[in-house]
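Chains, contacts and geometry: an overview
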Amino acid sequence: MKGLFLCGCVMWVTLAVELANPSRLPHGSLLLPVICGCLFWLRSTTGLILSGTMLLLDWIARPSFLPLCPMLAPMLAVICLAPSTRSDEYSTGRSWLRVPAPLQLPLLTLAAVILQSLGSLSPEQWLSLPAQASTVLENLKVVLVIALPVSAVISLTIRMADEFGMRRVFSQG
Amino acid sequence: MRADQIRQRMWLGATGMFFLSLMVAVADRTGLLNPFRPMIHDALSPGRLIVVAMTAREKMSPQADVSSGQSLHDEQLKKNELLLRQLMIENARLRRDLKREKTAASLVQMIEPLSSLAQFRLIEASVVSTGGMPNSLRELIVDAGKSAGITRSELVIAGNGIMVDAGTDHSVNSGDRVLTGAVVVGRIDKAARWVSLVQPVNSAGFKAQVTLLRRTPDGLHFGVTGTLEGTGEEECSVTGIPHTEAVAVGDEVISADVNGVKGPQLYFGRVTRAEFLAGGQWDVRVQPAASLNDLESVGILRLGLERAIAEKDQKPASERRRTP
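Cut-off values and rules
- Residues numbered from 1 in each chain as written.
- Chains lettered and ligands numbered in written order.
- Predicted model: local features only at pLDDT ≥ 70, side-chain atom pairs only at ≥ 80, totals over all residues.
- Heavy atoms only, no water.
- Helix = DSSP H or I, 4+ residues; strand = E, 2+ residues; numbered from the N terminus.
- Buried < 20%, exposed > 50% of the residue type's maximum accessible area, 1.4 Å probe, protein only.
- Contact = heavy atoms within 4.5 Å.
- Areas by Shrake-Rupley, 256 points an atom, 1.4 Å probe, with all protein chains shown as cover.
- Salt bridge = Lys/Arg side-chain N within 4 Å of Asp/Glu carboxyl O.
- Phe/Tyr/Trp six-rings, centres within 6.5 Å; stacked < 30°, edge-to-face > 60°.
- Lys NZ or Arg CZ within 6 Å of the ring centre and 35° of its normal.
- Expected span 1.5 Å × (residues − 1).
- Buried area = accessible area lost by both parts, 1.4 Å probe.
- Polar contact = N/O pair within 3.5 Å; in protein donor to acceptor, adjacent residues only side chain to side chain.
- pLDDT = per-residue confidence, 0-100.
- Core = buried A, V, L, I, M, F, W, Y, C linked by side-chain atoms within 4.5 Å.
- Axes fitted to C-alpha atoms, helices over the stretch in contact; angles between N-to-C directions.
- Parallel < 35°, antiparallel > 145°, perpendicular 65-115°, else oblique.
- Nonpolar A, V, L, I, M, F, W, Y, C, P; charged D, E, K, R; others polar.
- Pairing = 2+ DSSP bridges.

Some thoughts on the overall build of chain B
In terms of helices and strands, chain B carries six helices and 12 strands. Each of the 324 residues in chain B was classed as buried or not, and the buried ones make up 32%. For chain B, contacts bridging at least 24 residues in sequence account for 62% of all contacts bridging at least 6. About 20600 Å² of surface is accessible on chain B, with carbon and sulfur atoms providing 56% of the total.

So, in structure tokens, the structure goes:
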């Protein structure tokens, strides 16, 4: 419960920081890695719902064409986080998803950023996607320059917390 | 078994989020989310204001590197002296201008005694909502609300004024008086504590009294007055123009008054279509000059009493009783 409250506060502050500096921090550059980090930190159903709700609140506050990120990012997170049937440990993940654990968080962040930029495209832009590709890539680059290092730092922090026993590995969900 | 249960719950949660997001998207299209958007921004405002205040304090603090070296210190001192001298000159000039303006204002008050009661103030605000959204979803939220005294229906303007494309060919010389007006962006639709929702000029329900302004080789001519109405599309329409009046494509549209009070003339846009319909009415379309895409800061025009009257009004009742 304490973890949930703390993660909620962290996400709220991050959203406020992003809103306060729209010129320096592009939409989602800080919030998406932090939300993904909270997902990985909590690794529970309530954490998943809290993070999804925060993504949804962010979309309501700053709407784009489609809320693809709150729709699909929790599903992608489940693929990364759900415990496998063979092993009860969260840290191993599913056997077919052979991605090293420290890379999972940056990859989920990358997927969330891509979903957000795809969701911000209007139907007209979707129709002319090849022509818009350079603009989309440019926007992605601007967000990822901040988002990926932040998610790497969070991933490292989570790993360290695991190593030092500062975080519960199992949760009741 | 436990892992299976947790995985099922997680998938259930994720699927629930998917459908919730879908429902929210549908609610947004139908306009059901409009009241919630300023509420969310308002809930985030305390944190945002703290961050803004901290950033401002960092900017204000002197740089450590500058104070370290003596040479840099001297250089700074010289710069300050130069700045002081410039400020003194500017101060003297401003005093002279103020004296002149006071004389002019007293003359205006003699001519128009009623206008002196009202005073317009401009409250600056930053745009909180994101840029580059599709027009149908675009909602402008600014970071000034009830705490700054903002109320509903106040006009929101952008600083960039009308560009007058007349030069020496039109007998314009240096020293001529140039009328510039700020562009009207919209009107305050809802004011929360720290943020306000703006109704853009072209959104359905927006109305304002406007005057048409025509440029001719002889100069500017003020034309007919009508009501500018937002259509919910890119263009606005002007209604209430008598069939006897003349309207032409290219006419400029400026404000006739600000919420019924004579005030600064603000720019709305340009007439792009003017057709005389069979029923004896004008169908006038106006392209708004304000663009919401790259808007970062706006001004909110507040109408209040003249300062002296307002101060008098704020005096405590006991003090007023003592005065004869």
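Anyway, onward from the coordinates.
Focus on the overall build of chain A
Along the backbone of chain A there are seven helices and zero strands. Here chain A holds 173 residues, and the buried ones make up 49% of them. Surface summary for chain A: the accessible area is close to 8200 Å², and the carbon and sulfur share equals 71%.

Remarks on unusual backbone geometry
It is generally the case that most residues other than glycine have a negative phi and that most peptide bonds are trans. All names here are of chain A. In this structure, Arg43 is a non-glycine residue whose phi angle is positive, near 50°. Mapped onto the fold, Arg43 is located in the loop between α2 (31-42) and α3 (45-61). Note on Arg43: relative accessible area 10%, which makes it buried.

A look at the pattern of salt bridges
Should the charged atoms of two oppositely charged side chains come close, the side chains can pair. Scanning the model with the defined rule gives 13 salt bridges over all chains in all. A salt bridge links B:Asp97 to B:Arg100, with the nearest nitrogen and oxygen atoms 4.0 Å apart. Of this pair, B:Asp97 and B:Arg100 both sit in helix α4 (residues 70-111), three residues apart, which is roughly one turn of the helix. One salt-bridge network, in which partners are shared between bridges, spans A:Glu18, A:Asp58 and A:Arg62.

Points about the packing of aromatic side chains
In total, this model carries three aromatic pairs over all chains according to the counting rule given. For the ring pair B:Phe276 and B:Trp282, a centre distance of 5.2 Å and an interplane angle of 70° mean the geometry is edge-to-face. On the basis of relative accessible area, B:Phe276 is assigned to the partly exposed category, the value being 46%. A cation sits over an aromatic face here: B:Arg29 above A:Phe65, 4.8 Å from the ring centre. The ring of B:Phe206 has B:Arg187 sitting right over it, with the charged end atom 5.1 Å from the ring centre.

Considering helix α1 (residues 2-20) of chain A
The terminal C-alpha atoms of α1(A) lie 27 Å apart, and with 19 residues this matches the ideal 27 Å at 1.5 Å per residue to within 8%. Within α1(A), burial applies to A:Cys7, A:Gly8, A:Met11, A:Thr14, A:Leu15, A:Ala16, A:Glu18, A:Leu19 and A:Ala20.

A closer look at the interface of chain B and chain A
Each partner contributes to the interface: chain B provides 38 residues, whereas chain A provides 45 residues. Both faces considered, chain B and chain A share a buried interface measuring about 3700 Å² in area, 72% of it formed by carbon and sulfur atoms. When the buried area of chain B at its contact with chain A is split by residue, B:Met10, B:Met17 and B:Leu44 rank highest and sum to 18% of it. Put simply, chain B and chain A have zero salt bridges between them. One can count five residue pairs in polar contact (both at pLDDT 80 or more) joining chain B with chain A. Listing elements by their share of the side of chain B that touches chain A, those giving two or more residues are α1 (2-29) and α2 (36-60) of chain B. It is α1(B) that contributes the most residues to the side of chain B that touches chain A, 20 residues altogether.

Remarks on the confidence of the model for chain A
Residues and elements named next belong to chain A. Here chain A averages 82 in pLDDT, while 88% of its residues score no lower than 70. Summarising per-element confidence for chain A, the mean pLDDT is lowest in helix α6 (residues 123-127) (80) and highest in α2 (91). Below pLDDT 50 for its whole length, residues 87-93 participates in 17 contacts with residues either more than four positions away or in separate chains.

Comments concerning the nonpolar core
Of all hydrophobic cores here, the largest spans 55 residues; its most connected members are A:Met11, A:Phe40, A:Cys69, A:Leu81 and A:Val113. Going through the elements one at a time, α1, α2, α3, α4 (68-81), α5 (101-119) and α7 (129-163) of chain A together with α1 and α2 of chain B are the ones with two or more residues in this core. Broken down by element, this core gets its largest block of residues, nine residues, from α2(A). When sequence neighbours within four positions are dropped, the list of residues in contact with A:Cys69 reads A:Leu32, A:Leu55, A:Pro74, A:Ala112, A:Leu115 and A:Gln116. Counting residues in hydrophobic clusters, the runner-up holds 24 residues, among them B:Val210, B:Leu228, B:Cys236 and B:Val238.

Section: the packing of α4(A) against α1(B)
Relative to each other, α4(A) and α1(B) sit at 170°, their axes nearing to 7 Å. In terms of their interaxial angle, α4(A) and α1(B) are classed as roughly antiparallel. On the side of α4(A), the interface is formed by A:Pro70, A:Met71, A:Leu72, A:Pro74, A:Met75, A:Val78, A:Ile79 and A:Leu81, while α1(B) contributes B:Met10, B:Trp11, B:Ala14, B:Thr15, B:Met17, B:Phe18, B:Ser21 and B:Leu22. Along the lines of polarity and charge, the residues of the contact of α4(A) with α1(B) split into 14 nonpolar, two polar and no charged.

Some points on the pairing of strand β5 (residues 196-200) of chain B
All names here are of chain B. In terms of burial, β5 is a largely internal element, five of the five residues being buried. Alternating residues of β5 divide into Ser196, Val198 and Pro200 and Leu197 and Gln199, and every residue in both groups is buried. Pairing geometry for strand β2 (residues 140-142) and β5, over three bridges, is antiparallel. Bridge assignment links Leu140 to a residue of β5, and that residue is Val198. Where strand β4 (residues 182-191) and β5 come together, five bridges link them in antiparallel fashion. When the sheet's bridge partners are listed, Ile188 is paired in β5 with Val198. Hairpin connection between β4 and β5: a loop of four residues separates the two successive antiparallel strands.

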